[in-house]
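Listed below are the residues making up each chain.
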Amino acid sequence: MTQQHQARFITFEGIDGAGKSTHIGFVADYLRQRGVTLVSSREPGGTRLGEKLRELLLHEKMHLETEALLMFASRREHIAQVIAPALERGEWVISDRFTDASFAYQGGGRGMDLRKMEQLEAWVHPHLQPDLTFLFDVPLEVARARLDATRALDKFEQEQADFFAATRNEYLRRAAQFPQRFRIIDSTQSIADIQVQLAKLLDVLLAQSTVTR
Ligand SMILES: Nc1ncnc2c1ncn2[C@@H]1O[C@H](COP(=O)(O)OP(=O)(O)OP(=O)(O)O)[C@@H](O)[C@H]1O
Ligand SMILES: [Mg+2]
């Protein structure tokens, strides 16, 4: 008898500077140490084409619906080339952002009609949803202070406080709408405390996904 883990799809969400990238390496290591084979990826991006689209998305000004369509174009390629094949192989996928980010940024932040966003979601991935979504939630001022301390800001990171307030609100609305998969992480905690919390949540998912053959 051997124990294996059924494939799972985990996404990391939150406004710029909330701590997604800080914790994705920890989660990957934690899962690998427990016998999980996984692919770690990001959006926009995750494929050669997707990374080219990411460059455009982060630096070119464009109509808000163009932005949403390019995000979903990158996502379509990411699903086709990376996410779906990995899950079919029985591997886990962890992604720094997915469709909740489109709702939050293009929907909440930029004000695009959420019904159009739902149509794009239903078109691009009608049967795929994350099994677990970590929402790193943090007040805007804290996220901004952390970002300013690090590097040059991209197009989104240069947005004003009201944009991030609307983005954060849409994330929280999505979390309330899909409580089964969302776990809200209070990102004002220390990195060490957050990792303790992440480990506990991952232990639950690991236990639920264990199959004995
Ligand atoms: N809990 C924390 N306490 C203190 N500093 C933190 C914490 N989490 C992240 N940071 C720091 O904040 C900065 C931004 O974090 P990170 O890059 O992980 O954010 P992000 O959510 O990936 O942002 P982006 O959307 O811009 O990629 C980094 O310098 C990181 O070290
Ligand atoms: Mg990041």
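If you're wondering where the values come from, they're calculated on a predicted model, not measured in any experiment. (Residues numbered from 1 in each chain as written. Chains lettered and ligands numbered in written order. Predicted model: local features only at pLDDT ≥ 70, side-chain atom pairs only at ≥ 80, totals over all residues. Heavy atoms only, no water.)

A separate point is the environment of V124. Mapped onto the elements of the fold, V124 is located in helix 5 (residues 114-124). Taking the C-alpha atoms as reference points, V124 and R110, 14 residues apart in sequence, are found 21 Å from one another. (Helix = DSSP H or I, 4+ residues; strand = E, 2+ residues; numbered from the N terminus.)

Taken together, 19 residues sit near ligand 1, with G17, K20, S21, T22 and E157 positioned nearest. The backbone of G19 places a nitrogen or oxygen atom 2.9 Å from an oxygen atom of ligand 1. Between K20 and ligand 1, the recorded distance is 2.6 Å, taken from a side-chain N or O atom to an oxygen atom. With the chains in place, 77% of the 640 Å² that ligand 1 exposes on its own is no longer accessible. (Near = heavy atom within 4 Å. Polar contact = N/O pair within 3.5 Å; in protein donor to acceptor, adjacent residues only side chain to side chain. Areas by Shrake-Rupley, 256 points an atom, 1.4 Å probe, with all protein chains shown as cover.)

Once that is clear, we can look at the environment of L87. The residue L87 is located in helix 3 (residues 64-88) in this model. Between the C-alpha atoms of L87 and L38, which are 49 residues apart in sequence, the distance is 9.2 Å. Among residues more than four places away in sequence, those in contact with L87 are A7, R8, F9, V93 and L128. (Contact = heavy atoms within 4.5 Å.)

Moving on to the pattern of salt bridges. Throughout the structure, instances matching the rule amount to 14 salt bridges. E43 is the salt-bridge partner of R75, the closest N and O atoms lying 2.6 Å from each other. In this pair, R75 is assigned in helix 3 and E43 in the loop between strand 3 (38-42) and helix 2 (48-59), connecting sequence segments 32 residues apart. As a salt-bridge pair, D137 and R168 come within 2.8 Å of each other at their nearest N and O atoms. Of the two residues, D137 sits in strand 5 (residues 132-137) while R168 sits in helix 7 (residues 161-177), which places them 31 residues apart along the sequence. Exposure remark for R168: the relative accessible area of 23% places this residue in the partly exposed category. Salt bridges linked by common partners bring E67, R110, K155 and E159 together as one network. (Salt bridge = Lys/Arg side-chain N within 4 Å of Asp/Glu carboxyl O. Buried < 20%, exposed > 50% of the residue type's maximum accessible area, 1.4 Å probe, protein only.)

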